[in-house]
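Coordinate analysis (summary)
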Amino acid sequence: MVGGHARSAAPRDLADDPQAWPHADLAAHPAAAVVQQIAATLAAVLAERRLSLRGLATASGVNRQSIADLLAGRSWPDVATIALLETALAARLWPDNASAPR
């Protein structure tokens, strides 16, 4: 379970090259890789719909800064945040392969 010390670093900071977020190699950090996939999907949906962070914040009830932090890989979003964003966007953010056995 991710928690405690494992969450003391932001997801992007676990990459060899944090500046490459959201395309950095996070194979050694599966939880951070899921956050990265969520952020990349969210960024794509926002761009496709030309939706601002403020607009998504209003529609979802999620703080604009929380959305910005998720997109930048500065935070570990909780399940409630992802659910609120998915509901507001009517789009799946959680990656399909995240729960696949390895």
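It should be emphasised that the depicted structure is a prediction, and the values quoted were computed from it without experimental measurement. (Residues numbered from 1 in each chain as written. Predicted model: local features only at pLDDT ≥ 70, side-chain atom pairs only at ≥ 80, totals over all residues. Heavy atoms only, no water.)

Another point: the nonpolar core. Counting residues in hydrophobic clusters, the biggest one holds 24 residues, and the most contacted among them are Leu-42, Leu-56, Ile-67, Leu-70, Leu-85 and Leu-89. Listing elements by their share of this core, those giving two or more residues are α1 (30–49), α2 (53–60), α3 (64–72) and α4 (79–89). The element that contributes the greatest number of residues to this core is α1, accounting for 9 residues. The contacts of Leu-85, once residues within four sequence positions are left out, are Leu-42, Leu-56, Ser-60, Val-62, Ile-67, Leu-70 and Leu-93. (Core = buried A, V, L, I, M, F, W, Y, C linked by side-chain atoms within 4.5 Å. Buried < 20%, exposed > 50% of the residue type's maximum accessible area, 1.4 Å probe, protein only. Helix = DSSP H or I, 4+ residues; strand = E, 2+ residues; numbered from the N terminus. Contact = heavy atoms within 4.5 Å.)

Right, let's talk about the pattern of salt bridges for a bit. One pass over the structure, following the stated rule, counts 2 salt bridges. Here Asp-69 makes a salt bridge to Arg-74, at a shortest N to O gap of 2.9 Å. Judged by relative accessible area, Arg-74 falls into the partly exposed class, the value being 47%. With a shortest N-O distance of 2.9 Å, Asp-96 and Arg-92 are connected by a salt bridge. (Salt bridge = Lys/Arg side-chain N within 4 Å of Asp/Glu carboxyl O.)

This part is about the side chain of Arg-12. In this fold, Arg-12 is placed in the segment before α1. Asp-13 provides the closest opposite charge to the buried, salt-bridge-free Arg-12, at an N-O distance of 4.4 Å. The contacts of Arg-12, once residues within four sequence positions are left out, are Pro-18, Gln-19, Trp-21, Ala-72, Gly-73 and Arg-74. (Lys, Arg positive; Asp, Glu negative; His and termini not counted.)

Turning our attention to α4. Within α4, the full set of buried residues consists of Thr-81, Ile-82, Leu-85 and Leu-89. Buried residues in α4, looked at end-on, bunch into an arc of 95 degrees, giving them a common side. Facing away from the buried side of α4, by more than 90 degrees, are the exposed residues Val-79 and Thr-87. Contacts from the buried residues of α4 go to α1, α2 and α3. (Arc of directions from axis to C-beta.)

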